[in-house]
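A closer look at the structure
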Amino acid sequence: MLKVSFKYLFSLLFIAAGINHFLNPAFYLSIMPPYLPWHAPLVYLSGVAEILLGMGLLVPRFQVVAAWGLIALLVAVFPANIYMYQHPELFPDVSPNALFWRLPIQFLLIAWAYVYTKPTR
């Protein structure tokens with residue numbers, strides 16, 4: 001029961017984050033490393049991916065694929081967290097400690113997603 005509750009929490013986290021890409025795109029645009037092309041399309045694409053993968057996690061038929069998709073997404077957005085950490089002057093509203101802790105938290109989120117890569121019986 002606890003695993004199911006945490007799965008709903010994890011799913012909600014990604015759905016909410018995905019929706020936030022559309023409500024607050026300026027934030028996500030500001031954390032895009034300059035070497036990446038097409039900032040706005042990537043922000044919206046990642047928002048859609050977070051919403052769909054978060055929802056897919058709740059559908060037993062799609063859970064495994066959604067979990068692997070979330071892992072891939074978390075790896076794909078990791079450069080934005082590194083960019084934020086390397087350029088704290090661009091994010092004066094975020095403490096340097098928070099910028100640092102975003103990095104290991106990303107690995108915890110990957111581990112959390114990995115829990116759902118096994119089919120639910």
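In this report, the structure presented in the accompanying data block is examined. Please read all numbers here as calculations on a predicted model, not as lab measurements.

Right, let's talk about the nonpolar core for a bit. Counting residues in each nonpolar core, the largest one holds 14 residues, and the members touching the most others are Phe10, Leu57 and Leu70. Of all the secondary-structure elements, those providing two or more residues to this core are α1 (2-23), α4 (63-86) and α5 (96-115). Tallying contributions element by element places α4 first for this core, with six residues. Apart from the residues lying within four places of it in its own chain, the contact partners of Leu57 are Lys7, Phe10, Ser11, Gln63, Ala66, Ala67, Leu70 and Tyr116. Within the second largest apolar cluster, nine residues are counted, among which are Met32, Met84, Phe91 and Leu99.

Here we take up the packing of aromatic side chains. A complete count under the given rule lists eleven aromatic pairs for this structure. Chaining the aromatic ring pairs together yields one cluster made of Phe6, Phe10, Phe14, Trp112 and Tyr116.

With respect to the helices and strands, Tyr114 occurs in helix α5. In the structure, Tyr114 is positioned 101 residues away from Leu13 in sequence and 15 Å away in space, judged by C-alpha atoms. Apart from residues no more than four positions distant in its own chain, Tyr114 is found in contact with Trp68 and Ile71.

Before going further, it helps to examine unusual backbone geometry. At Trp38, a position not held by glycine, the phi torsion is positive, near 50 degrees. Turning to its location among the elements, Trp38 is positioned in the loop between α2 (25-30) and α3 (39-56). When its relative accessible area of 65% is taken as the criterion, Trp38 is described as exposed.

How each quantity is defined
Residues numbered from 1 in each chain as written. Predicted model: local features only at pLDDT ≥ 70, side-chain atom pairs only at ≥ 80, totals over all residues. Heavy atoms only, no water. Core = buried A, V, L, I, M, F, W, Y, C linked by side-chain atoms within 4.5 Å. Buried < 20%, exposed > 50% of the residue type's maximum accessible area, 1.4 Å probe, protein only. Helix = DSSP H or I, 4+ residues; strand = E, 2+ residues; numbered from the N terminus. Contact = heavy atoms within 4.5 Å. Phe/Tyr/Trp six-rings, centres within 6.5 Å; stacked < 30°, edge-to-face > 60°.

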